[in-house]
Amino acid sequence: MSELNLILLGPPGAGKGTQAERLVDDFDLPYYATGDILRAGVKNGSELGKKAKEYMDRGDLVPDDLIIGVIMERIDSAEAADGFLLDGFPRTIPQAEALDEALAGRDRRLTAALLVDVPDEEAVRRLSGRRICVKNQHLYHVEFDPPKREGVCDQDGSRLIQRDDDQPETVRHRLGVYREQTTPLVDLYEQRGILRRFDGARPPGEVHDHIRATLATLRLEEEL
Ligand SMILES: [Zn+2]
């Protein structure tokens, strides 16, 4: 079986998390979200993890070579022998180049960069419609999954609020940061011919079918 070494890209609100869960099931790939990985590295107490923790405890950004080190520890593990799904890394061109180099040193390379994209206005509509109950964090959406009584949780009767992160202005800001940061990466992977685009505005089931079909084809091509 050929490897599926994948990067997942997409703005907040594109449904990337949902797609990641399904892909992990379909293709039996380990899912490495950078934030989780750093925290896991810290918990497992590896040397690199301990170093990363020192930066995080100080509230500093963890340097690229350290993040790469922690990620490669995972990519070198047996569970990632047939591939992996990496989310949240790389975020910059130097990180992308460092990842390439680290993979090349192991005679591996990225199979594809999967971009699940949605127009900004759709992302704003999805994220700013979310509501959460104050008591048990039950989730609703004013448009797609409204409670029976406006502003009240169906399950425990507590008040529904909008998280600060989901305020429209905050969402627009997050989208701006994402575009600025990710566009160069998208261009890079496009130039290298490994970018695959998916329309995250479609229903999640359709997006999933499309990604699954694309990966099945890629895997066949790799085996030829
Ligand atoms: Zn509730």
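Coordinates for the structure precede this section.
Remember, it's a predicted structure, so these values are computed and weren't measured experimentally. (Residues numbered from 1 in each chain as written. Predicted model: local features only at pLDDT ≥ 70, side-chain atom pairs only at ≥ 80, totals over all residues. Heavy atoms only, no water.)

**Q** How should the sheet that holds strand E6 (residues 139-141) be read in this particular structure?
**A** Sheets are built from strands that pair by backbone hydrogen bonding, the pairs being arranged parallel or antiparallel. Read from one edge of the open sheet, 3 strands run E6-E5-E7, paired in antiparallel fashion. Two strands in the sheet have a free side with no partner beyond their single neighbour: E6 and strand E7 (160-161). Pairing geometry for strand E5 (residues 130-133) and E6, over 3 bridges, is antiparallel. Its bridge partner being in E6, Ile132 is matched across the sheet by Leu139. Across the sheet, helix H6 (residues 120-128) is in contact with E5 and E6; its angle to E5 comes to roughly 20°. (Pairing = 2+ DSSP bridges. Helix = DSSP H or I, 4+ residues; strand = E, 2+ residues; numbered from the N terminus. Contact = heavy atoms within 4.5 Å. Axes fitted to C-alpha atoms, helices over the stretch in contact; angles between N-to-C directions.)

**Q** Quick question: what am I supposed to make of the sheet that holds strand E3 (residues 83-87) here?
**A** On the basis of which strands lie adjacent, the open sheet formed by 5 strands has the order E2-E3-E1-E4-E8 and parallel pairing. Strands with a single pairing partner mark the edges of an open sheet, and in this sheet they are strand E2 (31-33) and strand E8 (195-199). Between one strand and the next, the sheet's axes are offset by a mean angle of 20°, whatever the strand orientation. Bridging between strand E1 (residues 4-9) and E3 involves 5 bridges; their strand directions are parallel.

**Q** Any chance you could explain unusual backbone geometry here in plain terms?
**A** Excluding glycine, most residues fall at negative phi; most peptide bonds, likewise, are trans. With an omega of -5°, the peptide bond between Phe89 and Pro90 qualifies as cis. At Asp28, a position not held by glycine, the phi torsion is positive, near 55°. Along the chain, Asp28 falls in the loop between helix H1 (16-27) and E2. Classification of Asp28 as exposed rests on a relative accessible area of 66%. Phi is positive for Gln137, close to 60°, though the residue is something other than glycine. Mapping Gln137 onto the fold places it in the loop between E5 and E6. Using a relative accessible area of 48% as the deciding quantity, one classes Gln137 as partly exposed. (Buried < 20%, exposed > 50% of the residue type's maximum accessible area, 1.4 Å probe, protein only.)

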